[in-house]
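In case you want the letters, here they are:
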Amino acid sequence: MKIRFSVNNSEYELTSDKYQIILNEIKIIQKGENAGKESPSLVGYYKDEFQALKSILGYEKFMSECSTFDELEKLTKATLERLNELADLYRSNSE
């Protein structure tokens, strides 16, 4: 499995092995000889895709640069909206 998707301004990728789902944030290297190339940054290991998607909410909050509760609320709402879209898409494709 290899699924790419975006949430807010971040690009993510779900992959798997025979034991777990692996969630990486895909970052673009800014400096050095590999500048411009993609680099996966591990977010975590999960038992299923729903737990991986659920973890993105916390990850987006922890990694944000929000400085007010209003900013945090907007980020949370935008993240939840996108995660619900992804879950709905998954459900409709699996039926």
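Residues numbered from 1 in each chain as written. Predicted model: local features only at pLDDT ≥ 70, side-chain atom pairs only at ≥ 80, totals over all residues. Heavy atoms only, no water.

Colleague: Would you mind going over the overall build of the chain in detail, with residue names and values included?
Modeller: The number of helices and strands found in the chain is two helices and four strands. Going from N to C terminus, the chain has its helices and strands arranged as β-β-β-β-α-α. For the chain, buried positions account for 32% of its 95 residues. For the chain, restricting intrachain contacts to residue pairs at least 6 apart in sequence, the fraction spanning at least 24 positions comes to 33%. Summed over all atoms, the accessible surface of the chain reaches about 6,900 Å², with 50% contributed by carbon and sulfur. (Helix = DSSP H or I, 4+ residues; strand = E, 2+ residues; numbered from the N terminus. Buried < 20%, exposed > 50% of the residue type's maximum accessible area, 1.4 Å probe, protein only. Contact = heavy atoms within 4.5 Å. Areas by Shrake-Rupley, 256 points an atom, 1.4 Å probe, with all protein chains shown as cover.)

Colleague: I'd like to hear about the pattern of salt bridges, residue by residue, with values.
Modeller: Proximity of charged atoms lets side chains of opposite charge pair with each other. Enumeration over the complete set of coordinates arrives at five salt bridges. Ionic pairing is found between Lys-77 and Glu-73, a salt bridge with its closest N-O pair at 3.3 Å. Of this pair, Lys-77 and Glu-73 both sit in helix α2 (residues 69–94), four residues apart, which is roughly one turn of that helix. Judged by its relative accessible area of 39%, Glu-73 falls in the partly exposed class. (Salt bridge = Lys/Arg side-chain N within 4 Å of Asp/Glu carboxyl O.)

Colleague: Describe the sheet that holds strand β2 (residues 10–16), with residues and values.
Modeller: With antiparallel pairing, the four strands of this open sheet are ordered in space as β1-β2-β3-β4. Each having just a single partner strand, β1 (2–7) and β4 (38–46) make up the two edges of the open sheet. Across the sheet, the mean angle separating the axes of adjacent strands is 30° when strand polarity is ignored. (Pairing = 2+ DSSP bridges. Axes fitted to C-alpha atoms, helices over the stretch in contact; angles between N-to-C directions.)

Colleague: Go over unusual backbone geometry, please, and point to the residues and values.
Modeller: For Asn-8, which is not glycine, the phi dihedral falls at a positive 55°. In this fold, Asn-8 is placed in the loop between β1 and β2.

Colleague: Describe the side chain of Thr-79, with residues and values.
Modeller: With respect to the helices and strands, Thr-79 occurs in helix α2. With residues up to four places along the chain from it excluded, the contact list for Thr-79 reads Val-7, Asn-8, Ile-56, Leu-57 and Glu-60.

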